[in-house]
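Inside the fold
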Amino acid sequence: MRLPRHLIFVSAIVTQFIHQVCSFSHGSLQTTRLHSTTNDDHTISKSKDSRPTVVVVGSGVGGLSVSSRIAASKEVNAKVIVLEKNSKDMTGGRCGSFDRFVEGYGTFRHERGPSLLLLKDVYLDLFKDCSRRAQDFGLVMKQCKPAYQIIFDDGDSLTVGFPSDMDDEIKQEFEASKQKMNEFENDGYTKWQEYLRATEAFLECGLPNFIEERLDLASFPKFVIEAVKDNFKSWPLKPHSVVLDNTFESRKMKALASFQDLYVGLEPYENKDEIGGGVLRKTAPVVFGLLAAIELGNSQTLSGVFAPVGGFRAVSTAFQSLSKDLGTEFFYDTTVTSIEEDGVWYEQGGEQKYLEADLVICNPDLPFANAALLSQGKDHKARYDYDDKFDYSSGVIAFHWSLSTRCNSLKTHNVFLSTSTEECLEKSWAAIRYNDPSAPSFDGDEFPFNFYVHRASESDETAAPEGCDSLLVLVPCCTLLRDEELSKLSREEALEQYKNQFDNEFLNKVKTAVIRRFAAVNGLENINEFIIDEVIDTPATYADMYNVAAGTPFGLSHGFSQLSVFRPGHQSKLEKTLFVGASTKPGNGVPLVLLGAKQVANKAISLLTTKS
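Owing to the predicted nature of the structure, the values given are computational and were not obtained by experimental measurement. (Residues numbered from 1 in each chain as written. Predicted model: local features only at pLDDT ≥ 70, side-chain atom pairs only at ≥ 80, totals over all residues. Heavy atoms only, no water.)

1. A closer look at the packing of aromatic side chains
Per the stated rule, a full pass over the model turns up 25 aromatic pairs. Positioned above the aromatic ring of Phe152 is the side chain of Lys252, whose terminal nitrogen or guanidinium carbon lies 5.2 Å from the ring centre. The aromatic ring of Phe449 is capped on one face by Arg517, whose charged end is 5.1 Å from the ring centroid. (Phe/Tyr/Trp six-rings, centres within 6.5 Å; stacked < 30°, edge-to-face > 60°. Lys NZ or Arg CZ within 6 Å of the ring centre and 35° of its normal.)

Shown next, in the form of structure tokens:
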């Protein structure tokens, strides 16, 4: 069956938004040739038998997933080795947790990257495809009911994202939410349901047909009907704001239906001075509404926000345990400095070594890897640089607060939105619009901005000591501004300079603005008095920990110029090196990275099978 050209184009776009990684040169350097071992701290060696060797650079979720799938393949019977620059407790890359012990209180768990889990079946499929069960590796996922609490700058709030199986308490919240939407505007809840129906059609068609590459003709009629009905009211390629203006009257409903655009590095507003209203680069098309369908919709199999019991550390630990169970070897505190055509140079224990490989999987962020890892040579030292020709998602300032009180007025997931005026509504997207420190800042009481708050202990009491809470506050901000001169410095020197782009004065302004917004919530008026420990991450610290380009934990943005056939693919410029991760196809967010990792693993297995 051949689809009309415009449907092929639209469907290809839909798939990107489902919201959401040389021969040996003789010389003085030693080359490893010792026996293999599964001990994380021992010497690495290429297999002495006939098995092909696959080296996975980086233990992010993309690298962990690919390593498991290749190790599980009986077609190639490969030896799989994972090299990770960080310590063992940072397995999973950005997908992980860390602990803070506070004297007199106990241990608080904080999330370093993702804090909400979507499309849970994508996680489970990794284990199923490897003939294992997720629960046997400690991965348990609990649905958040409701999914979110939305808090507006005037103190108004409501909860959204209700499952079909509601107990009496949740039903009361559901009815209160419907009433609140109807207070925002006439028939507000009916319009909300109409909007979700369209986005669910985009989701249900895009996921099987184009991401999973599994033909599902039954989903196309609903997709087409929603796209063309009411004179193309919800045509997927329109700027998001155009459809929102034609659907809702109130600023609060428009903000509620569009805050997910931030996840993919875009804003909802039409730019009339650009082609297509700006959707080629900075403006989200309405198809991004499918992110709302994932989080807040009614699909029995695709919708819902979940929390992994034990935090996202439990996710990365389960992935690593699966890979080890399948025979993968892991080596930590091992920094790859150059990926060559037939292997990798790496530093371990102050010594530089070479490891031959039949295939390399590169999990570090693609724009960083292109600039600082590929074909750098044996004498190359670790450095930080990235390709700045791309459009990036926003940066983020993350406040990890350990609190000596419980924040019972917060849900697990909370979004604070600025909607007091039309001007505030639009200016709150400044972090996406301007990648410039001279752009609007957090000065003054009137500066509008949106931010997210994760209260882990609301759904998992192990996240904080009794009577206490762990909060993660994520505030969008500009990314790092690349300085070409810094690429000539050592990695440590360059990153120290980049950290100056987010000095203490700026961070204090942001914190003050956040605390001021917390005052609108009952019981949180004086939250600053209960902060007993604080860790702050900025784009510079994310760059340091994870080598992400521009310091953004979200990777490349998803404008039309960077999605589908225009988004960087899995094949690198080196024949035997494949990319996996958020800045390559199909896109960012853990579920998309996992789906991309499955494609990479299949390609790797095909290449190794052909070679053999």
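2. Some words on the sheet that holds strand 10 (residues 334–340)
One open sheet holds the 3 strands; their spatial order is 10-11-12, and the pairing between them is antiparallel. Edge strands, defined here as strands with exactly one partner in the open sheet, are strand 10 and strand 12 (351–356). Strand after strand, the sheet turns through a mean of 25° between neighbouring axes, direction not considered. Bridge analysis of strand 11 (residues 343–348) against strand 12 gives 6 bridges, and the strand direction is antiparallel. What sits directly across from Val344, in strand 12, is Leu355. (Pairing = 2+ DSSP bridges. Helix = DSSP H or I, 4+ residues; strand = E, 2+ residues; numbered from the N terminus. Axes fitted to C-alpha atoms, helices over the stretch in contact; angles between N-to-C directions.)

3. Digging into the pattern of salt bridges
In the structure shown here, the tally under the stated rule is 37 salt bridges. A salt bridge links Arg383 to Asp385, with the shortest nitrogen-to-oxygen separation between them at 3.8 Å. Both residues of the pair, Arg383 and Asp385, count as buried. Residues joined in a network through salt bridges with shared partners are Asp154, Asp156, Lys180, Glu183 and Lys252. (Salt bridge = Lys/Arg side-chain N within 4 Å of Asp/Glu carboxyl O. Buried < 20%, exposed > 50% of the residue type's maximum accessible area, 1.4 Å probe, protein only.)

4. A few points about helix 6 (residues 220–232)
Helical geometry: 3.6 residues make up each α-helical turn, so side chains three or four residues apart lie on a common side. For helix 6, the principal kink sits at Glu226 and spans about 25°. Where helix 6 is concerned, the buried positions are Phe220, Phe223, Glu226 and Ala227. (Bend = angle between axes of the 7 residues up to and from the residue.)

5. Notes on unusual backbone geometry
Residue Lys145 is joined to Pro146 through a cis peptide bond whose omega torsion reads -5°. Counting through the fold element by element, Pro146 comes out in the loop between strand 5 (141–143) and strand 6 (148–152). With a phi angle near 50°, Asp333 is a residue other than glycine that sits in the positive phi range. Mapped onto the secondary structure, Asp333 falls in the loop between strand 9 (329–331) and strand 10. For Asn547, which is not glycine, the phi dihedral falls at a positive 55°.

6. Let's talk about the side chain of Ser428
One can find Ser428 in the loop between helix 12 (422–427) and helix 13 (430–433). Side-chain polar atoms of Ser428 contact the backbone oxygen of Leu425, separated by 2.7 Å. Those residues within four positions of Ser428 in sequence are excluded, and the remaining contacts are Ser418, Pro448, Phe449 and Asn450. (Polar contact = N/O pair within 3.5 Å; in protein donor to acceptor, adjacent residues only side chain to side chain. Contact = heavy atoms within 4.5 Å.)

7. Looking at the sheet that holds strand 19 (residues 577–579)
Backbone-to-backbone hydrogen bonds join strands into a sheet, with any given pair of strands oriented parallel or antiparallel. Pairing in this open sheet of 5 strands is parallel, and the strands run 9-2-1-13-19 from one edge to the other. Each edge of the open sheet carries a strand with a single partner, namely strand 9 and strand 19. Ignoring strand direction, the axes of neighbouring strands in this sheet form an average angle of 20°. When strand 2 (residues 79–83) meets strand 9, the two strands line up parallel, connected through 3 bridges. Bridged to Val82 within strand 9 is Phe330.

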